[in-house]
Amino acid sequence: MSRLPTLLLSLALLGGMAGGVATAENRLADTASDYLRDHADNPVDWYPWGEQALALAREQDKPIFVSVGYSTCYWCHVAKRELYEDPAIASAMNEGFINIKIDREQRPDLDRVLMAATRALGEGGGWPNNVFLTPDLEPFFAGSYFPPEPLPGRESFPEIVERLSDEWQSNRDPLLERAETTAEALREGADASLAPELIDPADWQARAIEALEGQYDSLVGGFAPPGQSSRFPQSPRLALLLSAIDDDAQAAQAEPMLRQTLAAMSIGALFDHVGGGFHRYTVDPEWAIPHFEKMLVDNAQLVGHYARAGQRLDEGWFDEVVARSVGYLERRLRADEGAYFTAENAELDGIEGKSYVFTPGEIRAVLGEDAKAFLDWHELAGLPESRIDHELPDGGAVNLAVGRAYDAFEQGELAASIAGFEPDYFALLEARQARGLPQRDRKQVAEFNALTGLGLLAAAQPLDRGDWHERAQAVGDWLWARLWDADEQHLYRQAYEGEVSGEAFLSDHAASGRLMLALYGSSHDVRWLFRAQRLAATIERDYLDESGRLHERPPESGGALPLSPPLVGDDASPSGHSQAVVFLLDLGAVLEDSARQERAVRALAGFAAEVDSAPADWGYLVGALARPSLADVVTREAARLTEATETDAGPGETRDHVEVEARMIEDGAVIVVRLAIDEGFHINANPASEDFLVPTRITALDGEIGAIDYPPGKSFRAEFARSAIDVFEGVLELRVPVTGEMPTRLRIDLQACDDRVCLAPDEMEVEVDRGGE
C-alpha cells in the first residue's frame with residue numbers, strides 16, 4: 001500500500017482576516033448548510049472549509065481555530081449565543097486566529113480526523129468539537145463546550161483564547177512540541193497491512209455477542225461501559241443482534257438483549273410518545289430524559305430494526321412504534337421531490353426541550369376528563385438541573401408508566417393497551433405545535449436518505465404497507481434524478497434549497513447502492529439493478545486504491561484528505577467501509593460475479609485487523625457477514641487471498657522484488673544506481689503521479705549529491721483505478737551527480753506493486769562501489 005501522508009497535514013482549511021482587529025466579514029451566509037448560515041451574522045470572521053485559510057494562516061503566522069458542529073447540536077447553539085455573538089470575544093478570536101466553521105454532516109471525514117485529534121490531546125470528545133491547530137495543521141489544544149466565564153476548575157473561553165494567543169506570540173515552543181507529539185500519535189497505525197487470515201465471520205459474530213453481553217444493562221436494556229449515564233440507540237449493534245437471533249448458536253444470548261433494549265427505548269422517552277419518532281439519546285440510563293434533537297439517520301435505521309424485530313419476535317408493540325415513527329418522518333422531515341431533511345432541533349426559543357415537555361396541568365387542560373386515564377398510563381420525567389445554569393422548560397418528558405407498560409409488554413398487550421390514547425396524542429401534539437416548531441436542518445443528504453429508503457423498505461413488507469414501498473422507491477428515484485451526475489458517474493453529497501453540492505463519500509455511494517439493490521430485490525425492476533451496478537462501478541473506480549483498500553474519499557481527489565480518516569467502526573450508523581463490502585458482496589451474488597466478490601473480500605482484508613480487534617464495534621458488518629449466504633463466500637475468498645498472499649507476494653517486502661546496485665563512474669563525478677525490478681512488478685516514478693504515492697527517491701547518507709534527473713515513467717493503469725499513474729519497470733539506471741565529497745552509502749525510498757497489490761514502502765541502503773579505488 002502507498003505510504004500515507006501524515007494525518008493532519010491532509011487538512012486544507014479556509015483562513016481568516018488579513019490582519020489587525022477585524023470587523024465581521026463573515027463568509028458563511030451563502031453556504032449550503034443551515035448550521036453554517038446560523039453563524040453568518042456572528043462578529044467572528046468565520047470561514048467555511050477550503051484552501052484559502054491554510055495559506056492565510058501560514059502567510060500571517062497565525063494558529064487556526066476550527067469549530068465542528070451540526071445544526072441540531074444544542075451546545076453548538078449555546079456556544080453561538082454565549083461566545084460567538086459577543087463582540088469582545090469575537091475581536092480576540094479575529095486578532096489571534098484564523099477561524100473556521102465545519103458542518104460535520106457535510107464533512108464526516110474532517111469530523112473524524114479532528115475528533116481523533118481531540119481525543120489524542122486527552123479530551124473526551126463531543127460536539128461542538130473545537131481544535132486549535134498550528135499553521136502546519138498539527139493540533140495543540142482542543143475541547144468541547146467552553147463557558148464564557150470561569151467555572152470551578154475550568155478556564156473560560158476568553159481566557160483560553162488570550163492564553164493561547166499570548167503563548168503563540170511569546171513562547172510557542174511548548175505548543176509546537178505538544179502539536180508534534182499529538183500528530184505523531186495520530187500517524188501511528190496508518191499503514192496497516194492486508195490481513196485476510198483474520199477474516200472469520202462466525203468467530204467475529206460470537207465474540208461480538210460476547211462483548212455486548214459484557215456491556216449489556218439487564219435491568220433497562222442498552223449497552224454502555226461502566227460509569228456512562230447516557231444511552232444511545234446504537235443501531236448497528238441492534239442490527240448485529242437481529243442477525244444473531246437467526247443463528248441457533250447465538251439466538252439464546254441475542255434475543256433477550258434485543259427484546260429488552262427495543263422495549264426499553266420505546267417505553268421510555270427516547271421514543272416521542274406524543275409526536276412519534278426517536279430522539280438522539282437520553283441523558284440517563286433509564287431512557288427517561290432525552291436530549292431532544294431528532295436525527296433522520298437514527299430514525300431511518302430504527303424503523304427497519306423495529307419492523308424486523310416485530311416480525312421475528314411476533315411483537316405488535318414494535319409494529320406500532322414503526323408506524324408512528326414513519327408518521328413522524330412524513331410529517332416533519334419529508335422534503336419535496338421524495339427526499340427527507342436531516343434533522344430537527346432540540347430547542348425552541350433557545351430552551352432545550354421546550355417543544356416537547358408537559359406539566360400535569362397542561363395535560364389536564366388539553367385532555368379534560370380523559371387526562372386521568374392518560375396520566376395513569378404515562379409518567380412525566382423531570383429534566384435535570386443544568387450544570388451551567390441554563391433555563392429549563394416547565395414540565396417533564398412523556399414516558400409510558402414503566403411498571404404498567406412492562407407488564408403489558410410481557411403479556412403481549414401493550415399495543416392494544418396504548419391504542420386508545422391515539423386521540424389524546426393527537427390533541428397534545430396540536431397543543432405542542434401551537435408553541436412553535438423547532439427548526440429543521442434542511443440538508444438532504446444522500447447517505448441518510450438511502451438509509452431511510454432501506455428502513456421504509458424493510459418495514460413495508462412485514463406491515464403490509466405498499467405506500468411505504470412507494471416512498472422507498474421515491475427516495476431511490478430522487479437520489480438518481482437529483483444527486484447522480486451521469487457525466488461524471490458519481491453522486492453529490494447533498495441537496496439544499498434546490499441546489500446539489502458537495503463531493504459524495506464512500507458511505508453515500510454504498511448506502512445508495514444498497515437501496516438500489518434492495519429495490520431490485522423487492523420489485524425485480526431492472527432499472528434498480530442497473531443503478532446498483534453503476535454505483536458499484538463508481539466505488540471500484542474511485543474508492544479502491546491500487547492495493548484494493550477502501551478510502552472514504554477518492555484517494556486521487558487531492559486537496560483535502562489524502563489520508564483516510566481513522567476507522568471508527570459502525571458507530572451511530574454503518575460505516576462506508578462496512579456498507580461497501582456488504583453491497584459489493586450482495587451485488588456479486590445477484591449477478592453471480594465472483595470477481596466482484598473477490599474484490600470485496602480484498603477490501604475487507606484491508607481493515608480486517610480493526611474488525612478482528614473489536615468486532616462488536618462493527619455490528620452492521622459482522623451481522624451481515626454472518627448470514628450463511630455471505631459467510632461461505634467470505635470464508636472461501638479470504639482463504640484464497642491468504643494463499644495468494646503467501647505464495648505470490650513472498651514475505652511481502654519491497655526489497656524482495658527490487659535489486660539495487662550503486663557504482664562510481666567518470667572519476668567520481670557520477671554514481672550510477674541500477675534498479676532491477678522483478679517482472680510483473682513496478683515502482684513509482686519521480687515525481688509520483690499522486691501525493692499519496694511514494695516516489696522512487698535517492699538520498700545520500702553521507703557526502704554530497706546534486707539533483708537527479710529522473711526519467712519519465714511508463715503509464716500504468718490497474719483494472720479498477722480511476723486513472724493511470726507513471727511507474728518504472730524492468731531495469732532502470734539513474735545517474736546521480738556528485739557535488740562534493742563522494743558518498744559511501746545511498747538510501748533509496750521506493751515501493752513495489754503489481755497489478756493486484758502494493759507492498760509496504762521500503763528504505764533500501766546500498767554501498768557505493770568505488771571500483772577498486
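Above this text is the structure in question.
The numbers attached to residues start from 1 for each chain and follow its sequence in the written order. At least 70 in pLDDT is required for a residue's local features to be given in this predicted model, at least 80 for side-chain atom pairs to be given and counted, and no such filter applies to totals for whole chains, interfaces and linings, which use all residues. Based on all heavy atoms of the structure, the side-chain values leave hydrogens and waters out of the count.

Visitor: Which residues make up the overall build of the protein chain, and what values do they have?
Guide: Only runs of H or I of at least four residues qualify as helices and only runs of E of at least two qualify as strands under DSSP, and these elements are numbered from the N terminus. Within the protein chain, the regular secondary structure consists of 26 helices and 28 strands. The reference for a compact globule is 2.2 Å times residues^0.38; the radius of gyration itself is calculated from the C-alpha atoms. For a compact globule of 773 residues, the expected C-alpha radius of gyration is about 28 Å, and the protein chain comes in at 29 Å, within 12% of that figure. Its C-alpha atoms give the protein chain principal-axis dimensions of roughly 110 × 65 × 45 Å. Only protein chains enter the accessibility calculation, which uses a 1.4 Å probe; a residue whose area is less than 20% of its type maximum is buried, one above 50% is exposed, and one in between is partly exposed. Within the protein chain, the proportion of its 773 residues that are buried is 58%. In the protein chain, the share of contacts with a sequence separation of at least 24, taken over all contacts with a separation of at least 6, comes to 72%. Surface accessibility in these figures is a Shrake-Rupley result with a 1.4 Å probe; residues are shielded only by whichever protein chains are displayed. With an accessible surface of roughly 29,800 Å², the protein chain has 47% of that area assigned to carbon and sulfur atoms. Pairs of residues are marked as contacts when any of their non-hydrogen atoms sit within 4.5 Å.

Visitor: Give me the lowdown on helix H3 (residues 74-84), citing residues and values where you can.
Guide: A large share of H3 lies buried, amounting to nine of its eleven residues. Within H3 the residues assigned to the buried category are Tyr 74, Trp 75, Cys 76, His 77, Val 78, Ala 79, Lys 80, Leu 83 and Tyr 84.

Visitor: Help me get a handle on the layout of surface pockets, residues and values and all.
Guide: Where empty space is left becomes clear once a probe the size of a water molecule has been rolled over the atoms. Points on a 1 Å grid over protein atoms alone make up a cavity when a 1.4 Å probe fits among them but cannot get out, and a pocket when they form an open set with protein on both sides within 12 Å along at least five of seven lines; lining residues each have an atom within 4 Å of a point. Grid points are joined across faces, edges and corners, and a volume is the space filled by probe spheres set on the points. Taken as a whole, the second largest pocket holds about 960 Å³ of empty space. Lining the second largest pocket are 36 residues, with Arg 308, Leu 454, Arg 514, Tyr 620 and Arg 627 positioned closest to its centre. Of all elements in the fold, only helix H9 (235-244), helix H11 (296-313), helix H18 (446-460), helix H19 (466-483), helix H20 (506-523), helix H22 (576-591) and helix H25 (619-625) reach the threshold of two or more residues within the lining of the second largest pocket. Residue polarity follows a fixed list, in which Ala, Val, Leu, Ile, Met, Phe, Trp, Tyr, Cys and Pro are nonpolar, Asp, Glu, Lys and Arg are charged, and the others, Gly among them, are polar. Taken together, the residues that form the lining of the second largest pocket break down as 17 nonpolar, twelve polar and seven charged.

Visitor: Residues and numbers for the nonpolar core, please.
Guide: In terms of nonpolar packing, the biggest core is built from 164 residues, with Phe 157 and Leu 414 touching the most fellow members. In contact with Phe 157, not counting residues within four places along its chain, are Phe 65, Leu 83, Tyr 84, Ile 89, Met 93, Phe 132, Phe 146 and Pro 147. Residues belong to a common nonpolar core when they are buried Ala, Val, Leu, Ile, Met, Phe, Trp, Tyr or Cys residues joined through side-chain atoms within 4.5 Å.

Visitor: Describe the packing of helix H12 (residues 316-333) against helix H17 (residues 422-434), naming the residues involved and giving the relevant values.
Guide: Any two packed helices are characterised by how steeply their axes cross, that is the angle between the axes, and by the distance between the axes. In the contact formed by H12 and H17, the axes pass within 15 Å of each other and the chain directions differ by 30°. Considering the angle they form, H12 stands roughly parallel to H17. Viewed along their axes, H12 and H17 form a crossing whose handedness is right-handed. Residues Glu 320, Arg 324 and Arg 331 of H12 form the contact with H17, whose own contacting residues are Glu 422, Tyr 425, Leu 429 and Gln 433. Of the residues assigned to the contact of H12 with H17, the class counts are two nonpolar, one polar and four charged. In this analysis, axes come from line fits to C-alpha atoms, helices being fitted only over the stretch in contact, and the angle between any two N-to-C directions falls in the range 0 to 180 degrees. Here the angle decides the label: under 35 degrees means roughly parallel, over 145 means roughly antiparallel, 65 to 115 means roughly perpendicular, and every other value means oblique. A clockwise turn of the near helix away from the far one marks a right-handed crossing, whereas an anticlockwise turn of less than a right angle marks a left-handed crossing.

Visitor: How would you sum up the side chain of Asn 99? Please name residues and give values.
Guide: Mapped onto the elements, Asn 99 comes out in strand E3 (residues 98-103). According to the relative accessible area criterion, Asn 99 is buried, its value standing at 1%. From its side chain, Asn 99 meets the backbone oxygen of Met 93 in a polar contact 3.2 Å long. Dropping the residues within four chain positions of it, Asn 99 is found in contact with Val 44, Asp 45, Trp 46, Tyr 47, Phe 65, Met 93 and Asn 94. As used in this structure description, the phrase polar contact means that two N or O atoms lie within 3.5 Å; if the pair is within protein, one of them must be able to donate a hydrogen and the other to accept it, and residues adjacent in sequence are counted only when both atoms belong to side chains.

Visitor: Could you give me a rundown of the pairing of strand E26 (residues 745-750), with the residues and numbers involved?
Guide: Criterion used throughout: strands pair if DSSP finds at least two bridges between them. Across four bridges, the pairing between strand E22 (residues 697-700) and E26 is antiparallel. What sits directly across from Ile 698, in E26, is Ile 748.

Visitor: Break down the packing of aromatic side chains for me, with residues and values.
Guide: Only rings of Phe, Tyr and Trp enter the pairing, Trp through its six-membered ring, and a pair is recorded when the two centres are within 6.5 Å. The plane angle decides the type: under 30 degrees is stacked, over 60 is edge-to-face, the rest tilted. Tallied over the full model, the rule gives 25 aromatic pairs. Each ring, one from Phe 132 and one from Phe 141, has its centre 5.9 Å from the other, and the planes form 65°; the classification is edge-to-face. On the basis of an interplanar angle of 85° and a centroid distance of 5.3 Å, the ring pair of Tyr 306 and Phe 318 is categorised as edge-to-face. Here Tyr 306 is found in helix H11, whereas its partner Phe 318 is found in helix H12, with twelve residues between them in sequence. One exposure class covers both Tyr 306 and Phe 318, and it is buried. Counting every residue linked through ring pairs, the aromatic cluster contains Trp 46, Phe 65, Tyr 84, Phe 97, Phe 132, Phe 140, Phe 141, Phe 146, Phe 157 and Trp 168.

Visitor: Tell me about the pattern of salt bridges, and name the residues and values.
Guide: Every case where a carboxyl oxygen of Asp or Glu lies within 4 Å of a side-chain nitrogen of Lys or Arg is listed as a salt bridge. Tallied over the entire structure, the rule returns 56 salt bridges. As a salt-bridge pair, Arg 259 and Glu 410 come within 3.5 Å of each other at their nearest N and O atoms. Within this pair, whereas Arg 259 is found in helix H10 (residues 251-267), its partner Glu 410 is found in helix H15 (residues 402-410), the two being separated by 151 residues in sequence. For Arg 596, the salt bridge identified is with Asp 593, shortest N-O distance 4.0 Å. On the basis of relative accessible area, Arg 596 is assigned to the buried category, the value being 8%. In this structure, a network of salt bridges that share partners links the residues Asp 34, Arg 37, Arg 442 and Glu 497.

Visitor: How would you explain the sheet that holds strand E1 (residues 46-47) if you had to name every residue and give the values?
Guide: Strand order in the open sheet formed by five strands is E1-E3-E2-E4-E5, and the pairing between neighbours is mixed. A single partner strand is all that each edge strand has here, and the edge strands are E1 and strand E5 (139-143).

Visitor: How would you explain the packing of helix H21 (residues 526-542) against H22 if you had to name every residue and give the values?
Guide: Between H21 and H22, the least distance of the axes is 11 Å, while the angle of their chain directions is 130°. Comparing their axes, H22 and H21 come out oblique. For the crossing formed where H21 meets H22, the hand is left-handed. Counting all contacts with H21, which are made through Leu 529, Ala 532, Gln 533, Leu 535, Ala 536, Ile 539 and Glu 540, the residues of H22 involved are Phe 583, Leu 584, Leu 587, Val 590 and Leu 591.

The values are spatial; any link to function lies outside them.
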